[in-house]
Amino acid sequence: MRIVRHRSDQGPRLAVLDDEDVLIDLPAGLDLPTLLADDGRLADTADTSLRTAARGVRLDEADLLAPLEPPTVRDFSTFPEHTAGIARNLDPNAVVPEEFWEIPAFYFSNPYATVGPHDDVPVPPGCERFDFELEVAAVVGRAGRDLTVAEAAEHIAGFVVFNDFSARDVQFHEMRLKLGPAKGKDTATSLGTVFVTADELRDRASGTSYDLTMRVLVNGEEIGTDRLDNMAWSFPALAAYASRGTSIRPGDLLGSGTCRNGCLAELWGRYGQDVRPPLRPGDVVTTEVELLGGTRNRIVPGTPPHEIRPGA
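A brief structural summary. (Residues numbered from 1 in each chain as written. Predicted model: local features only at pLDDT ≥ 70, side-chain atom pairs only at ≥ 80, totals over all residues. Heavy atoms only, no water.)

1. Considering the packing of helix α3 (residues 80–87) against helix α7 (residues 264–271)
Right, so step 1: Look at α3 against α7: their axes get within 7 Å of each other, and the N-to-C directions meet at 65°. Crossing handedness for the pair α3 and α7: left-handed. Of the residues in α7, those touching α3 at Glu-81, His-82, Gly-85 and Ile-86 are Ala-265, Glu-266, Gly-269 and Arg-270.
Right, so step 2: Tallied by class, residues from the contact of α3 with α7 come to two nonpolar, three polar and three charged. (Axes fitted to C-alpha atoms, helices over the stretch in contact; angles between N-to-C directions. Helix = DSSP H or I, 4+ residues; strand = E, 2+ residues; numbered from the N terminus. Left-handed = near helix turned anticlockwise from the far one by under 90°. Contact = heavy atoms within 4.5 Å. Nonpolar A, V, L, I, M, F, W, Y, C, P; charged D, E, K, R; others polar.)

Structure below.
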């Protein structure tokens, strides 16, 4: 099942895609986390709409929003080659740290920064080295706490493409205090065109994840490509760790972390700061993941930062 969210005359509206990529609206007033909270409700609602509701516009003609507004966003680090590459921005001899294999580390991102798959993205205030991150996020479908990995697999409802835009100069500055990332990740996270239920990917299961090709382009030029099954940690492992000592709830996002060659900062770490320029207004960033759709966001000018000083 593939679910989208679009702008309609009645406001934001969920819709299910039929076999011809045509939107079939679900009843007004529903959101994805609410439907996921009751086992089977999303499937029942979508099936009823496919049988009875009027056909809408085609997917490529719809005014799409992010498929959901997540209550929380955790972004993990699961691709070892990316981890080593980006660390070389600070240490040219950096390798994957031992801790990478001990815990699936993550940071909390900003749910208010969620933008749609085709929305404009402003350069963050004060940022000179703006970047993208090609990822996939699992969407939690059931609430749970202190889950095992096996239990956590039943709590993942589906997946969405995830592009975590990053102000690298701001990020590396704040992380000198051994905190963060925080403001470096605070402006925009673009979610893909569709939410795809986990059963749709069953035949593509591979290793820790799924055999899906991922690619990112800037102004039509391919920057990087990878496969989702190069993740070292599985999505159930991420969900189990996220639930340790706390709760995960329907609609929570669990990002895979950036894939190999999925951002500019990794290339800067491997090949030098001038190998590719940072994003500038007018650039268009496109992400694509097999079966999951993608994003296409234009970079636009942002606002200047207001001065902040100690004691002010």
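2. Looking at the side chain of His-82
Right, so step 1: Relative to the helices and strands, His-82 resides in helix α3.
Right, so step 2: Its relative accessible area of 7% is what places His-82 among the buried residues. (Buried < 20%, exposed > 50% of the residue type's maximum accessible area, 1.4 Å probe, protein only.)

3. As for the nonpolar core
Right, so step 1: Judged by nonpolar contacts, the single largest core of 61 residues is most densely connected at Phe-132, Phe-159, Phe-165, Leu-228, Phe-235, Leu-279 and Leu-292.
Right, so step 2: Elements with a minimum of two residues in this core: β2 (11–17), β11 (134–140), β13 (156–164), β19 (213–218), α6 (235–242), α7 and β23 (284–289).
Right, so step 3: Setting aside residues no more than four positions away along its own chain, Leu-292 makes contact with Val-136, Phe-159, Val-161, Thr-193, Val-194, Val-196, Leu-201 and Leu-212.
Right, so step 4: Residues Leu-32, Leu-42, Ala-66 and Ala-157 belong to the second largest nonpolar core, which totals 24 residues. (Core = buried A, V, L, I, M, F, W, Y, C linked by side-chain atoms within 4.5 Å.)

4. Details of the packing of aromatic side chains
Right, so step 1: In the structure shown here, the tally under the stated rule is seven aromatic pairs.
Right, so step 2: Aromatic pair Phe-106 and Phe-108: ring centres 5.3 Å apart, planes at 85°, arrangement edge-to-face.
Right, so step 3: Consider the rings of Phe-159 and Tyr-210, whose centres lie 5.3 Å apart with planes at 70°: the pair is edge-to-face. Here Phe-159 is found in strand β13, whereas its partner Tyr-210 is found in strand β18 (residues 209–210), with 51 residues between them in sequence.
Right, so step 4: Here a set of aromatic residues connected by ring pairs shows up, and it is made of Phe-76, Phe-106, Phe-108 and Tyr-241.
Right, so step 5: When the ring centre of Trp-268 is taken as origin, the NZ or CZ atom of Arg-129, which lies over that ring, is 4.0 Å away. (Phe/Tyr/Trp six-rings, centres within 6.5 Å; stacked < 30°, edge-to-face > 60°. Lys NZ or Arg CZ within 6 Å of the ring centre and 35° of its normal.)

5. Points about the pattern of salt bridges
Right, so step 1: Scanning the model with the defined rule gives 27 salt bridges in all.
Right, so step 2: Put simply, Asp-120 and Arg-298 hold a salt bridge, and the shortest N to O gap is 2.8 Å. Of this pair, Asp-120 sits in the loop between β8 (114–115) and β9 (121–122) while Arg-298 sits in strand β24 (residues 293–300); the two residues are 178 residues apart in sequence, bridging distant segments of the chain.
Right, so step 3: Residue Asp-120 is classed as partly exposed on the basis of its relative accessible area of 37%.
Right, so step 4: Owing to a relative accessible area of 40%, Arg-298 belongs among the partly exposed residues under this scheme.
Right, so step 5: As a salt-bridge pair, Lys-183 and Asp-186 come within 2.5 Å of each other at their nearest N and O atoms.
Right, so step 6: Its relative accessible area of 54% is what places Lys-183 among the exposed residues.
Right, so step 7: Judged by relative accessible area, Asp-186 falls into the partly exposed class, the value being 24%.
Right, so step 8: Within this structure, Asp-131, Glu-133, Asp-164, Arg-168 and Lys-185 form a network of salt bridges that share partners. (Salt bridge = Lys/Arg side-chain N within 4 Å of Asp/Glu carboxyl O.)

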